[in-house]
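Coordinate inspection notes
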Amino acid sequence: MSLAMDQHSGSGMASKSYYLFGRFDIQAKLISENSAGTVTTFYLSSIGTHHDEIDLEFLGNLSGNPYILSTNLYANGIGGREMQFYLWFDPTEDFHTYSIDWNPQRIIILVDNIPIRVIHNKENIGVSFPTRQPMRVYTTLWDGDFWATRGGKDKIDWSKAPFVASFRNFNANACIATPETSCKGFNGGRNKGLNFQIRKQLKEIHLKWVVYDYCRDFIRFAHGFPPECIKKN
Ligand SMILES: *[C@@H]1O[C@H](CO)[C@@H](O)[C@H](O)[C@H]1NC(C)=O
């Protein structure tokens, strides 16, 4: 399936099902050439107020310049947990697999099966985490040129429209939340803890590919970091 953006409108799709926990994979091939100002997304979101959301947003760029993969989490309506990455390949040349693995203990975001971010459930220290609200899966493509590329400096070149991003092989190994089901026991059949391999891969990715980490933003949090950023937690 492809999403296209021609004029100032965007496009998107949503899953019919609502899920509470699971592993979600999609293969995507992003807008090639000049994609500056465009934002292509793959995310989970609940509906209504105090919503939960797990975000992957691909921020386009001028030809030959790198995309940024921006990740974020909203829980109970509170976001602001951005972590951004460069990718180690050109995401416009071919399909790559992007995944969200979500269970009550943690969320893992993966690129080609390599973990790039883990968000642990720290409700025990008062940090909200998505554990109660079922979410749908979305992919969208929209105009984000007021902020997406070099902080909004590079605008969309509409003469290059339509902008097209392609998706395939969506897979959800997840608990479909209907009023009748309980997803409480659902763990996706995976280990609760992070094994050595995952920790090693994460460390390598974090050394090389992180562009922005809110937990290291000393200007934004000059008056103190959020509790989940403090190591002893
Ligand atoms: C776009 O390219 C510039 C220059 O290489 C880079 O600084 C920036 O991080 C890239 N990505 C985005 C989304 O701005």
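Think of each chain on its own: its residues are numbered from 1, step by step along the sequence as written. pLDDT decides what is reported in this predicted model: residues at 70 or higher carry local features, side-chain atom pairs at 80 or more are listed and counted, and totals for whole chains, interfaces and linings draw on all residues regardless. In computing side-chain properties, one takes all heavy atoms of the structure into account and sets aside hydrogens as well as water.

Some remarks on the environment of aspartate 6
- Secondary structure elements are taken from DSSP: a helix is a run of H or I of four residues or more, a strand is a run of E of two residues or more, and numbering for both begins at the N terminus. Assignment of secondary structure puts aspartate 6 in the loop between strand S1 (2-5) and strand S2 (11-14).
- Once the C-alpha coordinates of aspartate 6 and glutamine 84 are considered, the two residues, 78 residues apart in sequence, prove to be 27 Å apart.

Observations regarding the sheet that holds S2
- Following DSSP output, two strands are said to pair if at least two bridges run between them. Spatial ordering of the open sheet is given by S2-S11-S4-S5-S6-S7-S13, a layout of 7 strands whose pairing is antiparallel. Single-partner strands in this sheet number two, and they are S2 and strand S13 (210-213). Along the sheet, successive strands turn relative to each other by an average axial angle of 15°, direction set aside.
- Pairing analysis gives 7 bridges linking strand S4 (residues 38-45) to strand S5 (residues 53-59), with the strands arranged antiparallel. Across the sheet, residue serine 45 finds its bridge partner in S5, namely glutamate 53. All axes here are fitted lines through C-alpha atoms, helices being fitted over the stretch that makes contact, and every angle between N-to-C directions spans 0 to 180 degrees.

Remarks on the UniProt feature "glycosylation site" (unreviewed entry) in the protein chain
- Summarizing the sequence annotation, UniProt attributes the feature "glycosylation site" (unreviewed entry) to Asn61 in the numbering used throughout.
- Positionally, asparagine 61 belongs in the loop between S5 and strand S6 (68-74).
- By relative accessible area, which is 12% here, asparagine 61 ends up buried.
- Any two residues whose heavy atoms approach within 4.5 Å at even a single point are treated as in contact. For asparagine 61, the contacting residues outside a window of four places in its chain are Glu33, Asn34, Ser35, Ala36, Pro66, Tyr67, Thr149 and Asp154. UniProt positions are given in the numbering used here, feature names are shortened, and annotations may be inferred rather than shown by experiment. Relative accessibility under 20% of the residue-type maximum defines a buried residue, over 50% an exposed one, and the middle range a partly exposed one, all with a 1.4 Å probe and only protein chains included.

Focus: the pattern of salt bridges
- A pairing counts as a salt bridge when a side-chain nitrogen of Lys or Arg comes within 4 Å of a carboxyl oxygen of Asp or Glu. Going through the model one piece at a time under the given rule, you end up with 10 salt bridges.
- With its nearest N and O atoms 4.0 Å apart, the salt bridge here joins glutamate 228 to arginine 81. Remark: arginine 81 occurs in the loop between S6 and strand S7 (83-85) and glutamate 228 occurs in the segment after S13; sequence separation between them is 147 residues. With respect to burial, glutamate 228 and arginine 81 carry one shared label: buried.
- As a salt-bridge pair, arginine 132 and glutamate 123 come within 3.2 Å of each other at their nearest N and O atoms.
- Under the relative-accessibility criterion, glutamate 123 is labelled partly exposed at 32%.

Looking at the state of the cysteines
- What counts as a disulfide here is a pair of cysteine sulfur atoms lying within 2.5 Å. Under the criterion given, the structure shown has 2 disulfides.
- Paired by a disulfide, cysteine 175 and cysteine 183 hold their sulfur atoms 2.0 Å apart. Between cysteine 175 and cysteine 183 the disulfide shows an S-S torsion of about -80°. By sign, it is left-handed.
- Among the residues examined, cysteine 183 registers a relative accessible area of 4% and is labelled buried.

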